[in-house]
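# Summary of structural features
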Amino acid sequence: MDPIRVLIAEDEPVARMGIRVWLEESGIEVVAEADTGSKAVELAQAHRVDVVIMDLNMPDQDGIAATREIRRTRPGSKILAFTSFSDVRHLRAAVRAGVHGFILKDRESEDLVRAVRALANRETHFGRGTAHHVVALFQEIPEQPCPLSLQGLNARQLSILALLVDGHEYAAGVARELSVSEKTVRSRVSEAKEITGARTLEELTELARHAGFGSPFPRRTGSGTSSLGATADSPR
């Protein structure tokens, strides 16, 4: 298989060097580096990259604005927000801009490599320390009908499904991300299976995937628009 082609958008030279070393040691090809948001947009298009590792706090053009532009001009590239911001406001802004994953800068190198591989494989990835904010974003979405296959599920059940589709281990990995017990995860999954009519965990996960959980959040249907479609807040 061809190596994954990555653009690193980070204004700190030492950080860029560290990221390059981590990725290249794992067989991932770094084809370009950008120290400003506008340069990231230019290089993503010029090099037709698979994944952009995007620092949100960039000079010239911040990572949120650069993400929007890359999604417009190079929709085939996946964007991984790589940032020290861990609050729900910045996660919300990144999701609204169109990122496919979010990972904090204090994670281990293996976590970054895992995230890049997930995005290159057309999956989403929300790293440790962000799952509780994902739940908060679910709770912000105005009440609108879920896809028919998921109607009746509550925010906690939906957040568990999101993590399962994202590849988190059942039930230990999901429990760790949500800071709950494995028993709670298993109980919520059993409830979700009963509500949806799914017979197995795999069938339940497949229902979620078909309902839109392959994007950062499930697509809602109905006459209104999701709050995720609004203009993003600046992370500056």
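Before reading further, recall that the structure is shown in the block above.
Nothing here was measured: the structure is a model prediction, and the numbers come from that model. (Residues numbered from 1 in each chain as written. Predicted model: local features only at pLDDT ≥ 70, side-chain atom pairs only at ≥ 80, totals over all residues. Heavy atoms only, no water.)

A word on the side chain of Glu 10. Here Glu 10 shows up in the loop between strand S1 (5–9) and helix H1 (13–25). For Glu 10, a relative accessible area of 1% puts it in the buried group. Only 2.9 Å separates the side chain of Glu 10 from the backbone nitrogen of Glu 12, close enough to count as a polar contact. A polar atom in the side chain of Glu 10 sits 2.9 Å from the side chain of Lys 105. Setting aside residues up to four positions removed in sequence, Glu 10 forms contacts with Ala 15, Arg 16, Ala 34, Asp 35, Asp 55, Met 58 and Lys 105. (Helix = DSSP H or I, 4+ residues; strand = E, 2+ residues; numbered from the N terminus. Buried < 20%, exposed > 50% of the residue type's maximum accessible area, 1.4 Å probe, protein only. Polar contact = N/O pair within 3.5 Å; in protein donor to acceptor, adjacent residues only side chain to side chain. Contact = heavy atoms within 4.5 Å.)

Okay, the pattern of salt bridges next. Counted according to the given criterion, the structure contains 11 salt bridges. Linking Asp 35 and Lys 39 is a salt bridge whose minimum nitrogen-to-oxygen distance equals 3.4 Å. Overall, the relative accessible area of 35% leaves Lys 39 in the partly exposed class. One network of salt bridges, in which partners are shared, links Arg 16, Arg 20, Glu 24 and Glu 33. (Salt bridge = Lys/Arg side-chain N within 4 Å of Asp/Glu carboxyl O.)

Next up on the list: the packing of helix H7 (residues 155–165) against helix H9 (residues 182–196). The geometry of H7 relative to H9 is characterised by a closest axis approach of 10 Å and an angle of 100° between their N-to-C directions. Relative to H9, the element H7 lies roughly perpendicular. Contact residues: H7 offers Arg 156, Gln 157, Ile 160 and Leu 164, while H9 offers Val 185, Arg 188, Val 189, Glu 191, Ala 192 and Ile 195. (Axes fitted to C-alpha atoms, helices over the stretch in contact; angles between N-to-C directions. Parallel < 35°, antiparallel > 145°, perpendicular 65-115°, else oblique.)

All right, on to the environment of Ile 70 then. Here Ile 70 lies in helix H3 (residues 63–73). Residue Ile 70 is classed as buried on the basis of its relative accessible area of 0%. Linking Ile 70 and Leu 43, residues 27 residues apart in sequence, is a C-alpha distance of 9.7 Å. Filtering out sequence-adjacent residues up to four positions away, Ile 70 remains in contact with Ala 40, Val 41, Ala 44, Val 52, Met 54, Pro 75, Ser 77 and Ile 79.

Our focus in this paragraph is the pairing of strand S5 (residues 101–104). Of the two faces of S5, both are covered, the one formed by Gly 101 and Ile 103 as well as the one formed by Phe 102 and Leu 104. Where S5 lies against strand S6 (residues 125–126), two bridges are found, and the strand directions are parallel. Its bridge partner being in S6, Phe 102 is matched across the sheet by Phe 126. (Pairing = 2+ DSSP bridges.)

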